[in-house]
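Residue-level listing of the chains:
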Amino acid sequence: MTFRGGGPLDTSNVSGGGGGRGKLAVGGGAGLIIVIVAALFGFDPGVLGLGSDGSSTTSTSQEQSVIDEQIQGCTIEKANEDTVCRIVATTNSLDAVWADIMPGYEPPQTKIFEGNVDTACGPATSDVGPFYCPGDQTAYFDPAFFDVLTDRLGGGDGPLAQEYVVAHEYGHHIEYLTGALQKGQRQGAAGPTSGSVRIELQADCLAGVWAFHADKGPDAMLEPLTQQQINDVIQTAKAIGDDAIQGDSSNPEGWTHGSSDQRVRWFNVGYSAGDPASCDTFAAGSL
């Protein structure tokens, strides 16, 4: 069990299926998030669900309806058992925490899809993994990814490991609101000290900030976190480091997200301090 209490969840910012048709941004950085998240999870970022005519196949209306119905029926109790509802509950917790600690916080949208989806950053498939599109300020998740995370990549299989992934994408939204995302996109897409690496490590740190606050106070949604749950997150952060993904051929000049050790370190920075100010990876002398 991760979430405390019972009753319905707020689904006002969560929906199922694909979004509106949009062009893949070039140069402005909106497409960068898709590419670097694809690199994070070890998939080919060129596989974006495009057909030979440049079109994409989105989830069918029936599939979207099923997902939407599942979302609307989510409760806290179901969030402790069901992946879709766990994503919804995590967004509720994230919105509550960030609204409390960040003046002027504006929540993102979340879309839960299967297979394919259209976004303001372009069409994408599940191969891309979870991602955030700044063009529509929306975080995208295919629940099937979490099986890949554990079975293929060796990430933790506990619920907090999944919640960490959601919190990481929300971290990109926080970066969008603060301007850190735009700053990073101007500082290069690859390399050990690139803007891309700094963006990703900052998102890990911001996920740690959320975890610090998520189980505290009378309105906290999470039960007190255990060391085993934190270990699941650390296992996941290690599994998705650039060096772990790339294996023996890993070259820091090709890094887009940071090493396993760096990802663990920055999550722990946020989790230990509970302060977004501690997550300034752009000011860090050493990542």
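If you're wondering where the values come from, they're calculated on a predicted model, not measured in any experiment.

Draft legend 1. Spatial organisation of the pattern of salt bridges. According to the stated counting rule, one finds two salt bridges in the structure shown. Note that Arg263 and Asp204 form a salt bridge whose closest N and O atoms lie 2.6 Å from each other. Of this pair, Arg263 sits in helix α11 (residues 260-273) while Asp204 sits in helix α8 (residues 195-214); the two residues are 59 residues apart in sequence, bridging distant segments of the chain. Under the relative-accessibility criterion, Arg263 is labelled buried at 0%. On the accessibility criterion, Asp204 (0% relative accessible area) is buried. With a shortest N-O distance of 3.3 Å, Asp215 and Lys216 are connected by a salt bridge. In this structure Lys216 comes out as partly exposed when scored by relative accessible area, which is 42%.

Draft legend 2. The arrangement of the packing of aromatic side chains in detail. Per the counting criterion, the structure on display carries five aromatic pairs. One aromatic cluster in this structure is built from Tyr164, Phe267 and Tyr271. Taking NZ or CZ as reference, Lys216 lies 4.2 Å from the ring centre of Phe212, over its face.

Draft legend 3. Summary view of unusual backbone geometry. A positive phi is found at Gln137, a non-glycine position, where the angle reads about 50 degrees. Residue placement: Gln137 occurs in the loop between β5 (131-133) and β6 (138-141).

Draft legend 4. Seen up close, the side chain of His257. Counting through the fold element by element, His257 comes out in the loop between α10 (242-246) and α11. Look at His257 and you get buried, because its relative accessible area is 0%. A polar contact is formed between the side chain of His257 and the side chain of Thr256, at a distance of 2.7 Å.

Draft legend 5. How the structure looks around the environment of Thr91. By the element assignment, Thr91 lies in helix α4 (residues 83-101). The spatial distance from the C-alpha of Thr91 to the C-alpha of Asn13 is 8.6 Å, given a sequence separation of 78 residues. In this structure, Thr91 is in contact with Val14, Thr110, Val166 and Tyr170, ignoring residues within four places of it in sequence.

Draft legend 6. Up close: the sheet that holds β5. Read across the sheet, four strands follow the order β1-β2-β6-β5 without closing on themselves; strand pairing throughout is mixed. The strands lining the two open edges of the sheet, one partner per strand, are β1 (14-16) and β5. Pairwise comparison of adjacent strand axes, ignoring direction, gives a mean angle of 25 degrees for this sheet. When β5 meets β6, the two strands line up antiparallel, connected through three bridges. Its bridge partner lying in β6, Tyr132 is registered against Ala139.

About the criteria used
Residues numbered from 1 in each chain as written. Predicted model: local features only at pLDDT ≥ 70, side-chain atom pairs only at ≥ 80, totals over all residues. Heavy atoms only, no water. Salt bridge = Lys/Arg side-chain N within 4 Å of Asp/Glu carboxyl O. Helix = DSSP H or I, 4+ residues; strand = E, 2+ residues; numbered from the N terminus. Buried < 20%, exposed > 50% of the residue type's maximum accessible area, 1.4 Å probe, protein only. Phe/Tyr/Trp six-rings, centres within 6.5 Å; stacked < 30°, edge-to-face > 60°. Lys NZ or Arg CZ within 6 Å of the ring centre and 35° of its normal. Polar contact = N/O pair within 3.5 Å; in protein donor to acceptor, adjacent residues only side chain to side chain. Contact = heavy atoms within 4.5 Å. Pairing = 2+ DSSP bridges. Axes fitted to C-alpha atoms, helices over the stretch in contact; angles between N-to-C directions.

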